[in-house]
Amino acid sequence: MSRLVVSGLTKIYGNFAAAKDVSFEVGEGELVSLLGPSGCGKTTTLRMIAGFITPTRGSVTIGEDDVTRIAPWSRNTGMVFQNYALFPHMTVAQNVAFGLEMRRIGGAEVRERVQSALQMVRLDHLADRYPRNISGGQQQRVALARAVAIRPRVLLLDEPLSNLDAKLREQVRIEIRTLQQELKLTTIMVTHDQDEALTMSDRLILMEGGVVQQIGTPRELYNRPRSRFVADFVGQSSFIEGEVVAPGQFRSIQGALLSCPERDASGATLNTGKATLAIRPEAIRLGPAAETAPPGHAGKVEFVSYLGSRIDVHVRLATGEAVISTLRDLAEPLSVGDPCHVSWADASVTAFTA
Amino acid sequence: MTRTTFDRENGSVLSAATLAAPATLLVAAGLVVPLAILLRYSLNQFIPGQFMTEALTLENYVRFVADPYFRGILGQTIGIAALVTAICIVIGFPLAYVLARAGGRFKSLLILAIVLPLFVGNAVRAAGWMIAFGTNGVVNYVGLGLGILNQPLEIMYTPTAVIIGIVAVNLPFVILSFQTVLEGISRSVEEAAFNLGAGPLATTRRIILPLAMPGIISGATLSFILTMNAYATPVLLGGPSFVMMGPLVYSQVMTQMNWPFGAAASFILMLATLVLTTIGHLIVQRRYSSGRN
Ligand SMILES: Nc1ncnc2c1ncn2[C@@H]1O[C@H](COP(=O)(O)OP(=O)(O)OP(=O)(O)O)[C@@H](O)[C@H]1O
Ligand SMILES: [Mg+2]
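Calculation rules
- Residues numbered from 1 in each chain as written.
- Chains lettered and ligands numbered in written order.
- Predicted model: local features only at pLDDT ≥ 70, side-chain atom pairs only at ≥ 80, totals over all residues.
- Heavy atoms only, no water.
- Domains from an automatic or database assignment.
- Contact = heavy atoms within 4.5 Å.
- Buried area = accessible area lost by both parts, 1.4 Å probe.
- Salt bridge = Lys/Arg side-chain N within 4 Å of Asp/Glu carboxyl O.
- Polar contact = N/O pair within 3.5 Å; in protein donor to acceptor, adjacent residues only side chain to side chain.
- Phe/Tyr/Trp six-rings, centres within 6.5 Å; stacked < 30°, edge-to-face > 60°.
- Helix = DSSP H or I, 4+ residues; strand = E, 2+ residues; numbered from the N terminus.
- Buried < 20%, exposed > 50% of the residue type's maximum accessible area, 1.4 Å probe, protein only.
- Lys NZ or Arg CZ within 6 Å of the ring centre and 35° of its normal.
- Pairing = 2+ DSSP bridges.
- Axes fitted to C-alpha atoms, helices over the stretch in contact; angles between N-to-C directions.
- Parallel < 35°, antiparallel > 145°, perpendicular 65-115°, else oblique.
- Left-handed = near helix turned anticlockwise from the far one by under 90°.
- Nonpolar A, V, L, I, M, F, W, Y, C, P; charged D, E, K, R; others polar.
- Core = buried A, V, L, I, M, F, W, Y, C linked by side-chain atoms within 4.5 Å.

Caption draft 1: Examining the domain arrangement of chain A more closely. Residue and element names in this part refer to chain A. Parsing chain A into structural domains produces domain 1 (4-228) and domain 2 (236-353). Between the C-alpha centres of domain 1 and domain 2 the distance comes to 39 Å. If you look at the interface, domain 1 gives 6 residues, while domain 2 gives 8 residues. Summed over both partners, the interface of domain 1 with domain 2 buries about 700 Å², with 49% contributed by carbon and sulfur atoms. Per-residue buried area on domain 1 facing domain 2 is highest for Tyr-222, Pro-225 and Arg-228; these three make up 80% of the total on that side. At the surface where domain 1 touches domain 2, the tally comes to 1 salt bridge. Here Glu-241 makes a salt bridge to Arg-228, at a shortest N to O gap of 3.0 Å. For the pair domain 1 and domain 2, the number of links is 3 residue pairs in polar contact (both at pLDDT 80 or more).

Caption draft 2: Region of the structure containing the packing of aromatic side chains. In the structure shown here, the tally under the stated rule is 12 aromatic pairs over all chains. Pairing Phe-229 of chain A with Phe-233 of chain A gives two aromatic rings, centres 5.7 Å apart and planes at 25°, and the pair type is stacked. Remark: Phe-233 of chain A and Phe-229 of chain A occur in helix H8 (residues 228-233); sequence separation between them is 4 residues, near one turn of the helix. Given a relative accessible area of 18%, Phe-229 of chain A falls into the buried group. Where Tyr-231 of chain B meets Tyr-250 of chain B, the ring centres are 5.0 Å apart and the plane angle is 50°; that geometry is what we call tilted. Taken together, the positions of Tyr-231 of chain B in the loop between helix H10 (200-228) and helix H11 (232-238) and Tyr-250 of chain B in helix H12 (residues 245-255) put the pair 19 residues apart, joining distant regions of the chain. Chaining the aromatic ring pairs together yields one cluster made of Phe-64, Tyr-69, Phe-70 and Phe-261 of chain B. The ring of Tyr-222 of chain A carries Arg-280 of chain A above its face, with NZ or CZ at 4.0 Å from the centroid. Residue placement shows Arg-63 of chain B over the ring face of Phe-261 of chain B; its charged tip is 4.1 Å from the ring centre.

Caption draft 3: Structural detail: the interface of chain B and chain A. Each partner contributes residues to the interface: chain B has 21 residues there, and chain A has 25 residues. With both sides pooled, the region where chain B packs onto chain A buries about 2,100 Å², and carbon together with sulfur makes up 61% of that total. When the buried area of chain B at its contact with chain A is split by residue, Asn-195, Leu-196 and Arg-206 of chain B rank highest and sum to 35% of it. Measuring nitrogen to oxygen at the nearest pair gives 3.0 Å for the salt bridge that ties Arg-206 of chain B to Glu-101 of chain A. At the level of elements, helix H9 (187-195) and H10 of chain B are the ones that each hand at least two residues to the side of chain B that touches chain A. Broken down by element, the residue count for the side of chain B that touches chain A peaks at 7 residues, all from H9 of chain B.

Caption draft 4: Layout of the environment of Leu-171 of chain B. All names here are of chain B. Structurally, the position occupied by Leu-171 is in helix H8 (residues 159-184). For Leu-171 and Leu-153, which are 18 residues apart along the polypeptide, the C-alpha to C-alpha distance reads 24 Å. What Leu-171 contacts, discounting residues up to four positions off in sequence, is Cys-88, Ile-91 and Gly-92.

Caption draft 5: Geometry of the sheet that holds strand S19 (residues 339-344) of chain A. Residues and elements named next belong to chain A. Strand order in the open sheet formed by 5 strands is S15-S19-S16-S17-S18, and the pairing between neighbours is antiparallel. In this open sheet, the two edge strands, each paired with only one partner strand, are strand S15 (284-288) and strand S18 (322-327). Between one strand axis and the next, the sheet turns through 45° on average, direction left out of account. Here strand S17 (residues 311-317) pairs with S18 via 6 bridges, running antiparallel.

Caption draft 6: Spatial organisation of the packing of helix H2 (residues 16-42) of chain B against helix H13 (residues 259-288) of chain B. Residue and element names in this part refer to chain B. Where H2 meets H13, the closest approach of the two axes is 7 Å, and the angle between their N-to-C directions is 120°. When the axes of H2 and H13 are compared, the pair comes out oblique. Judged by the sense of rotation from one axis to the other, the crossing of H2 with H13 is left-handed. The segment H2 lies against H13, with Leu-35, Leu-38, Leu-39, Tyr-41 and Ser-42 engaging Trp-259, Pro-260, Ala-263, Ala-264, Ser-266, Phe-267 and Met-270. The class makeup of the residues in the contact of H2 with H13 is 10 nonpolar, 2 polar and no charged.

Caption draft 7: Seen up close, the nonpolar core. With 111 residues, the main nonpolar core has Leu-4, Phe-24, Phe-87, Phe-98, Leu-144 and Ile-188 of chain A together with Leu-182 of chain B as its most contacted residues. Sort the elements by how many residues they give to this core and H8 of chain B lands first, with 10 residues. Leave out the neighbours within four places in its chain, and Phe-98 of chain A touches Phe-87 and Met-90 of chain A together with Ala-193, Leu-196, Ala-198, Arg-206 and Ile-207 of chain B. Within the second largest apolar cluster, 23 residues are counted, among which are Ile-240, Val-244, Leu-270 and Leu-277 of chain A.

Take a look at the structure:
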């Protein structure tokens, strides 16, 4: 396994940049997710690493080798395609053996490595089946075994779970992560599912419009989003727009006076002028309307969504702002139209200037 | 399965066989009846001076098989058909691949270029080749003019002219039947092969060829049958000295007025074509479809 360094990677189609100056590193044995909305350039970036797209600018380095100009068949990356791309005319075992045969490995060793790769994904009993005769989840595991069997220097996963149903997805998530950690595979995973990215990755790369917005651990991205886009894409947030009227003082568009941090998300001093406050839903407390401490705002329940382990309550403040609060459980049943008392700690507020 | 569906929906027994009946009848009337008549003719006797004498004899078949001249023509026809088919596969496959992977306006243009010749009859196209290949034709004019040739090429009335002419006729059919299967092979399957370390050659051999085999078989079969039965191209480009089976049958029936022998020759041609394509299918199937269910 090797370190992967992507530096200044850019792909321009006509006058449209699908990826712009993308730079990041993936350490040995690390799993990093490329996360972002549809069309943000995740697949483009991954395919430039695999060698299927020639970058307009920038370089890809695996270990010590600059592979930017190397053909895909000489890069030694293992890719799991979104649609698995299994060879339909080969059995499961033949699929897994293909990459080993291309490396001119002897028959006995091929059999042994195919066997162990299939055992790893618990599919050794299906070795002689054809891809069309196994389920989608099993196909996904064959694709993974095929990519891992060649002992690639970097493992590339393109939305590996998107074709699985919700229940299976959670199980495979854990399987992939366990396998990746056991084999210490340097891995890049493309996904547009933030839950997937947060649960599986050591670090995340959040992209938008072909540009990297923020790189960090799941915790860093959740707790310290650097831009409004990040705060919005990773987890939920209530956004309140308005302006900073004095250091630490904020007036919303609707006119509510709120306290705000003195620095913005990037750490710069927050000057007076337009700004947006963001508050995570679990930081927002709801209480009975009669409550007065801690100091807060009067509000009215607009919508309650019950999600089993938690309840999301959408509340409209008396001054007009909409906020969302996540509760573990309701002490007293809340229903739409009920008045309530809304409060949050000043420390839980993040401010963005854009 | 089809049957039960029909039963349930219509409440009446409408089997697939019933639905196929009109088409079957049409095929029978249009194909089997003329063939039966032809078979009957081939068993008749030919006495010069008389048209056709009712008989039940195998002498026409015996004459064909016994005469090295006729056997030679059959052999020559089979040889040309095999060669033309091989050339069509070699030229057609890369072209079909480009076509299958092309997109947008380039693709429409390519398809147009491939289909357009089909609008012109074989005979007209062969006449075009005559103009190109003649001693004073375009090929020699350009070749001599540019100094590539120091004496005119004699292409007309050679097997080469016939092969070029028939390849040009068959190529569109071959390319289109290849293209259909190649389009069905997803690009990501190819990329998966690349990713696993297979270069373009290994990918073609191990992945694309086996997956494209059904289309290659049908395209090659089409080309083989078309060549075995070619008429206009061999007549116009091969001239009187280079004879293939199609022109032989024609001259027996129309010039010699020997209908029984012409009929026997066509039956031998048909049989040879059928046997050879069947053998070809079996060989290819054994080689490429082993283990597939
Ligand atoms: N060959 C191409 N020519 C022109 N534009 C392209 C081409 N390939 C991709 N694009 C554009 O580049 C952008 C990034 O595409 P990409 O496939 O990388 O997105 P993505 O992040 O993987 O999105 P998704 O989550 O929908 O898969 C898109 O806007 C897409 O339309
Ligand atoms: Mg994508």
